[in-house]
Amino acid sequence: MATKVLSCGFYWPTLYKDASNLVKRCDECRRTGGNSNNNVIPLTTILKIDIFDVCGIDSMGPFVSSCGNTYILVDVAYVSKWIEVVDLTNNEARSVVAFLKKNIFTRFSTTRSISSDGRLDFSEQVF
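Residues numbered from 1 in each chain as written. Predicted model: local features only at pLDDT ≥ 70, side-chain atom pairs only at ≥ 80, totals over all residues. Heavy atoms only, no water.

J.: I tried to follow the overall build of the chain on my own but got confused; where do I start?
T.: In terms of regular secondary structure, the chain is built from five helices and four strands. If you list the helices and strands of the chain from N to C, you get α-α-α-β-β-β-α-β-α. The burial tally for the chain puts 24% of its 127 residues in the buried class. Sequence separation of 24 or more characterises 41% of the internal contacts of the chain that already satisfy a separation of 6 or more. Of the roughly 9,700 Å² of accessible surface on the chain, 58% is carried by carbon and sulfur atoms. (Helix = DSSP H or I, 4+ residues; strand = E, 2+ residues; numbered from the N terminus. Buried < 20%, exposed > 50% of the residue type's maximum accessible area, 1.4 Å probe, protein only. Contact = heavy atoms within 4.5 Å. Areas by Shrake-Rupley, 256 points an atom, 1.4 Å probe, with all protein chains shown as cover.)

If you want it as structure tokens, here you go:
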């Protein structure tokens, strides 16, 4: 009852107490009882995903060479925000696949999907 009053735009300080007293005194309200299904929020399913199910991968560079490495490869798990970063000498698909096998798949299991910006090193057949 108080919800209906509030939805109409009315309010007073003792609204909930007054509504409770009215319902307790009203014989018809006590006989019907229970809540109607008018104000029930429909149930929605929750998508269950594991921590490393969806990852994003990106390559940056070339940078100034440091110990022969000029590229940086970053992998981010979207759910946990876990970041894995490695420096690479080149920006080839074989290097990316080796990084994924060594640092992601063997430690956290395979991912359901990997999203990237669609650059050539992520779209080759090896990847």
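J.: Could you clarify how one ought to interpret the nonpolar core in this entry?
T.: Soluble globular proteins: nonpolar side chains tend toward being buried together. In terms of nonpolar packing, the biggest core is built from eight residues, these being Ile 57, Tyr 71, Leu 73, Leu 88, Val 96, Phe 99, Leu 100 and Ile 104. Elements represented by at least two residues in this core include exactly β2 (71-77) and α4 (93-108). (Core = buried A, V, L, I, M, F, W, Y, C linked by side-chain atoms within 4.5 Å.)

J.: Would you explain the pairing of strand β1 (residues 54-60) in this entry?
T.: One face of the sheet, then the other: side chains in a regular strand alternate in exactly this way. Sheet analysis places β1 next to strand β4 (residues 113-115), joined by three bridges and oriented parallel. Bridging across to β4, Cys 55 finds its partner in Ile 114. Inspection of the sheet shows β1 paired to β2 by six bridges, in the antiparallel sense. Its bridge partner lying in β2, Cys 55 is registered against Ala 77. (Pairing = 2+ DSSP bridges.)

J.: Please clarify how the pattern of salt bridges should be interpreted in this entry.
T.: If the charged atoms of two oppositely charged side chains come close together, the side chains can form a pair. Applying the stated criterion to the full structure yields three salt bridges. One salt bridge connects Arg 112 with Asp 53, and the closest N-O pair in it is separated by 3.4 Å. Remark: Asp 53 occurs in the loop between α3 (27-32) and β1 and Arg 112 occurs in the loop between α4 and β4; sequence separation between them is 59 residues. For Arg 94, the salt bridge is made with Glu 92, and the minimal N-O distance between the two is 3.5 Å. (Salt bridge = Lys/Arg side-chain N within 4 Å of Asp/Glu carboxyl O.)

The values are spatial; any link to function lies outside them.
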